[in-house]
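Breakdown of the fold
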Amino acid sequence: MQYNKIADLIEKAKTENKKISQIVIEEEVYEREIERSAVIDEMKEHLKIMRESITEGLTKGHKSATGLTGGEALTLQNSSNTLDSPLYNKVIVKALAVSEVNACMGKIVAGPTAGASGIVPAVLITLTEEYSLDEDKLINALFTAGGLGEVVSKKATLAGAAGGCQAECGVGSAMAAGAAVELMEGSPKQVGEAFALALKNLLGLVCDPVAGLVEIPCVKRNGFAASHALTAVNMALSGIGTVIPPDEVIEAMMEIGDLMPVSLKETSEAGLAKTKTGQKIADNLQDF
Amino acid sequence: MSVFNVLGPIMIGPSSSHTAGAVKVGYLARSIFKDKLNKADIYLHGSFARTFKGHGTDRALVGGLLGFKPDDERIRDSLNIAKNRGVDIEFHLSDLRGVHPNTAKLDLYGENKEMSIIGSSIGGSRIKIIQIDDYEVDFSGEMPTLWVLHKDVPGEVGIITSILGSYKLNIASMVVFRNKKGEVGSAIIELDHKVNDFVISHLENMDDIYQVRYIEPF
């Protein structure tokens, strides 16, 4: 994709009276010199794997190789003690399901990374089901999510080791929020606003996983980041905009990532990893 | 860059860098080695060494060596599959010095042949191969790639690029390296289009070209 700015994507969509997804698809067709149908089919395959990972995560009580995570999605789905917020709960359940499958060496679609792979499918697939939307719209929304993430990868980073978790779950939440706005017929401008709102609120999020593994806090954080995206969607669709434009939020994220100490960027030398319990888990895993 | 690099790849978890990236390192090493593999000594460095079991980095590297791609569910069982195929695998924790934290060195042994390849997983599932035997290299496997060993004489690199040009193969990047003047030069050439066997034979048949390896993109 030639676009380095979300503002340029929005502008192009507005000028040509298209959705952002259409611009992203056109760019993919142009750069890879393949048919539009091939690009769409590839995304359909990705969607198929996303759905399979959700089903897999809800089929049986998974346990990761370390035994630290697993079964959370089913526990939440089967609970009758939660607050009455069906849409939110369904989104959180799916995000946990995918993340658990990931932690168990199952098959997932990374987006923007494996550690943040539950967020985009949870939000977009749940909304499509709850509002009985067309499959084509869902496919398009996935392109929008990917396009937004692509800009971040060009202008900043998607690696926890370089930018902390804001670059993984933060960006995943922002991608999901922006794409969900398009799915719900919001304007390209609102797509950018939802993206910015979601990312702004996760700026500074560090990557401090216990024992260096994609489990604690990663699995549950996918649930949080997915529900967080819904808040951004509601704000954007209601007309609450963002004062700081999306591209400036991306720049801020990169600056914060650069300033963030290395001990909090996927090295497990501080934070949750170095808590008494986190350290104990790491020590016990030494012989694992 | 493709949108599927961000919403993708389809992969076996749990980590883009420590699992999918590790599969790619193994897979590229296999393409470079090319012949039947009997034994591999795998040296894990940095974060690869500290967290390999929880991330399945060991199984991922071996899966790649067996020819599995990052989305192949056999990766989970790759250590047993290697054993059944008669490939002897040994892991070592090591300090490779001055390399990316997620790096592995793969010493590969076949019939009358051995080769040492170092690869790093540099973020997301992106990787690069940084060394093959004594040659410093730098390629990602994201594009069709040729690795050519040739006599280090004036005009040789020009001959290689003219041959590629005559087949309308456009060069995206090229890195040349030699250990000693006048001996063997190493050229890593990334191309916009896939290369067919005919082109490879043409290169292999040139007098001053010693070896050609073609690495298909993922």
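Digging into the overall build of chain A
Of regular secondary structure, chain A possesses 13 helices and 1 strand. Along its sequence from the N terminus, chain A presents helices and strands in the succession α-α-α-α-α-β-α-α-α-α-α-α-α-α. For chain A, the C-alpha radius of gyration of 18 Å lies close to 19 Å, the compact-globule estimate for 288 residues. If one aligns the C-alpha atoms of chain A with their principal axes, the spans along those axes are about 60 × 40 × 40 Å. Per-residue burial for chain A yields a buried fraction of 57% across its 288 residues. Looking at chain A alone, contacts between residues at least 24 apart form 78% of all its contacts between residues at least 6 apart.

Some details on the interface of chain B and chain A
With 30 residues of chain B in contact, the opposing surface of chain A contributes 42 residues. With 6 residues, helix α2 (residues 46-55) of chain B is the single largest residue contributor to the side of chain B that touches chain A. For the side of chain B that touches chain A, the residue count by class is 11 nonpolar, 14 polar and 5 charged. Both strand β1 (residues 107-109) of chain A and strand β1 (residues 10-12) of chain B contribute to a ladder of 3 bridges, which runs antiparallel. Bridging across to β1 of chain B, valine 109 of chain A finds its partner in isoleucine 10 of chain B.

Overview of the environment of isoleucine 188 of chain B
Residues and elements named next belong to chain B. Within the secondary structure, isoleucine 188 is located in strand β10 (residues 184-191). By C-beta crowding, isoleucine 188 is classed as buried, having 22 other C-beta atoms within 10 Å. Distance in space between the C-alpha atoms of isoleucine 188 and arginine 213 is 9.6 Å, their sequence separation being 25 residues. Other than its neighbours up to four places away in sequence, isoleucine 188 contacts Val137, Asp138, Phe139, Thr145, Trp147, Met174 and Val175.

Concerning the domain arrangement of chain B
Domain annotation for chain B reports domain 1 (3-133) and domain 2 (145-215). Taking only C-alpha atoms into account, the centre of domain 1 of chain B sits 26 Å from that of domain 2 of chain B.

A look at the packing of helix α1 (residues 16-33) of chain B against helix α3 (residues 57-65) of chain B
Each pair of packed helices can be summarised by the angle the axes make with each other and by the distance between the axes. Residues and elements named next belong to chain B. Two elements in contact, α1 and α3, have axes separated by 6 Å at closest approach and are oriented at 30°. Put simply, α1 runs roughly parallel to α3. Relative to α3, the crossing made by α1 is right-handed. From α1, His18, Thr19, Ala22, Val23, Lys24, Val25, Gly26, Tyr27, Ala29 and Arg30 reach across to α3, where they touch Thr57, Ala60, Leu61, Val62, Gly63, Gly64 and Leu65.

Cut-offs used in this document
- Residues numbered from 1 in each chain as written.
- Chains lettered and ligands numbered in written order.
- Predicted model: local features only at pLDDT ≥ 70, side-chain atom pairs only at ≥ 80, totals over all residues.
- Helix = DSSP H or I, 4+ residues; strand = E, 2+ residues; numbered from the N terminus.
- Rg over C-alpha atoms; globule rule 2.2 N^0.38 Å.
- Buried ≥ 20, exposed ≤ 12 C-beta atoms within 10 Å, placed from the backbone.
- Contact = placed C-beta atoms within 7 Å.
- Nonpolar A, V, L, I, M, F, W, Y, C, P; charged D, E, K, R; others polar.
- Pairing = 2+ DSSP bridges.
- Domains from an automatic or database assignment.
- Axes fitted to C-alpha atoms, helices over the stretch in contact; angles between N-to-C directions.
- Parallel < 35°, antiparallel > 145°, perpendicular 65-115°, else oblique.
- Left-handed = near helix turned anticlockwise from the far one by under 90°.

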